[in-house]
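Structure assessment
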Amino acid sequence: MSDLRVGLIGGTGLGEALGAAEGGARHEIDTPFGRASDAIVEASWAGVTVLILSRHGPGHVLNPSQVPFRANIFALKQLGCTHILASGAVGSLREEYKPKDLVIPDQLIDRTSLRASTFFEHAAVHVEFAEPFCPVLRQILLEAGSRVSGLGSREESASDPKPETRNPKPDVAVHNGGCYVAMEGPAFSTRAESLMHRLWGGDLIGMTAMPEAKLAREAEIPYALVALVTDYDCWRQKPALSDAKAQQEKVDPHVLLKEIIGNLKVASENAVALMKRAVELMGQRREQLSTCPAMHALELAIWSEKGRISPEEVKRLAPLWGRYFES
């Protein structure tokens, strides 16, 4: 794969860190779905072209429901993006996923409701999405986590369902697998919702992986996510205080937000180090990257009779499906 071009989508805390660290050409892209969140910065890491996009825009002015997900993925596709490594801050729904840790999730539950989730509004296109994250990219991220100083990779053992640590570090770990629950936001969960997400089997709670991951699949771009754990959400209550002590201590109404803000910088630094090492490995594994299943996601997914889809629509979405309409 000589034309490897890796899209890096930075979420809360990471978009600014990635963009500030790298100079390069800035691409202002118009798409059929409007403009992307921000200019896409084209740079080079370890000889690999990277396309860096801040998901929430300059100054983090776009809340999760306002992010132009379709424009972002379409713009990356127009620039020849072949693979995407994304990042995003999450709350932990499990004791073992500690604040400042990184998680490479393998599953998704979509609870968003206000976001356009397909490019194909005038055709019946049904992509497979049983495995929402690319297995090839996930393995590269996990290997990168075991090689970056200060990060230790956690893997699932065949004999023990709980993660075990390889090359453990005292400050942070990279966890293999987890179910990401995507909520609409922008408010955080109620405690009842947080407990419900745990009962569903959720391990992480965030606001941006969907529809981003699904749109990447429709664009035939392999996609993997680095989740930055910043807090324990609100399911994990602190031990109750005695009545006398409770009267003495002032209740802090911002305890969760303070925890998130306090851990975000460290988690972002860890994620930047991980993603840089992963890009370096991708440059060395080009043949392996050509086997990513998502690269052929539309091959059998277009159910509409192609002759009945308007030529204007075919042309409008040509970067996504044009090769399937060539005579």
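Residues numbered from 1 in each chain as written. Predicted model: local features only at pLDDT ≥ 70, side-chain atom pairs only at ≥ 80, totals over all residues. Heavy atoms only, no water.

As for the overall build of the chain
We apply this condition: In this text, helices come from DSSP runs of H or I with a minimum length of four residues, and strands from runs of E with a minimum of two, each type numbered from the N-terminal end. When accessible area is computed with a 1.4 Å probe and restricted to protein chains, residues below 20% of their type maximum are described as buried, those above 50% as exposed, and intermediate ones as partly exposed. Any two residues having at least one pair of non-hydrogen atoms within 4.5 Å are treated as being in contact. Here the open area of atoms and residues is found with the Shrake-Rupley method and a 1.4 Å probe, where only the protein chains shown may cover a residue.
When helices and strands are counted, the chain shows 10 helices and 15 strands. A buried classification covers 52% of the 327 residues belonging to the chain. Relative to all contacts within the chain whose residues are 6 or more apart in sequence, the contacts with residues 24 or more apart total 79%. Split by element, the accessible area of the chain, about 15,100 Å² in all, is 51% carbon and sulfur.

With respect to the pattern of salt bridges
Heads up, the condition is: By definition, a salt bridge exists where a carboxyl oxygen of Asp or Glu is found within 4 Å of a side-chain nitrogen of Lys or Arg.
Counted under the stated rule, the structure contains 16 salt bridges. A salt bridge links Asp38 to Arg26, with the nearest nitrogen and oxygen atoms 3.9 Å apart. Of the two residues, Asp38 is situated in the loop between strand E4 (34–35) and strand E5 (40–45) and Arg26 in strand E2 (residues 25–27); the sequence distance between them amounts to 12 residues. A relative accessible area of 53% means that Arg26 is categorised as exposed. Linking Arg316 and Glu313 is a salt bridge whose minimum nitrogen-to-oxygen distance equals 3.0 Å. Of the two residues, Arg316 and Glu313 both sit in helix H9 (residues 311–316), 3 residues apart, roughly one turn of that helix. The class of Glu313 is buried, set by a relative accessible area of 7%. Through salt bridges with shared partners, a single ionic network connects Arg26, Glu28, Asp30, Arg35 and Asp38.

A few points about the environment of Ala39
For Ala39, the position within the fold is in the loop between E4 and E5. In this structure Ala39 comes out as buried when scored by relative accessible area, which is 3%. The residues contacting Ala39, other than those within four sequence positions of it, are Arg26, His27, Glu28, Ile52 and Leu53.

So, the side chain of Glu212
Threshold: Two N or O atoms count as a polar contact when they lie within 3.5 Å, although within protein this holds only if one can serve as hydrogen donor and the other as acceptor, and sequence-adjacent residues are included solely when both atoms are side-chain atoms.
Relative to the helices and strands, Glu212 resides in helix H5 (residues 209–218). At 2.8 Å, the side chain of Glu212 forms a polar contact with the side chain of Arg55. Here Glu212 is in contact with Ile9, Arg55, Phe69, Ile73, Ala86 and Tyr223, once residues within four sequence places are set aside.

Side note on the nonpolar core
Let me state the cut-off plainly: Think of a nonpolar core as a cluster: buried Ala, Val, Leu, Ile, Met, Phe, Trp, Tyr and Cys residues, connected wherever their side-chain atoms sit within 4.5 Å.
Core analysis: the biggest nonpolar cluster contains 53 residues, and Ile73, Ile84, Phe119, Val125 and Trp321 have the highest contact counts within it. Only strand E6 (48–54), helix H2 (69–78), strand E7 (83–92), strand E13 (179–183), H5, strand E15 (223–231) and helix H10 (318–321) provide two or more residues apiece to this core. Per-element accounting of this core gives the leading share, 6 residues, to H2. In terms of nonpolar packing, the next biggest core, distinct from the first, is built from 34 residues, Ala43, Ile52, Leu102 and Met275 among them.

Focus: helix H3 (residues 135–147)
An α-helical segment advances 3.6 residues per turn. Residues three or four places apart therefore align on the same side. Here is the rule we go by: What a helix is expected to span follows from its residue count: subtract one and scale by 1.5 Å.
End to end, H3 covers 19 Å across 13 residues, agreeing with the expected 18 Å (1.5 Å per residue, within 8%). Within H3 the residues assigned to the buried category are Val136, Leu137, Arg138, Ile140, Leu141, Leu142, Ala144, Gly145 and Ser146.

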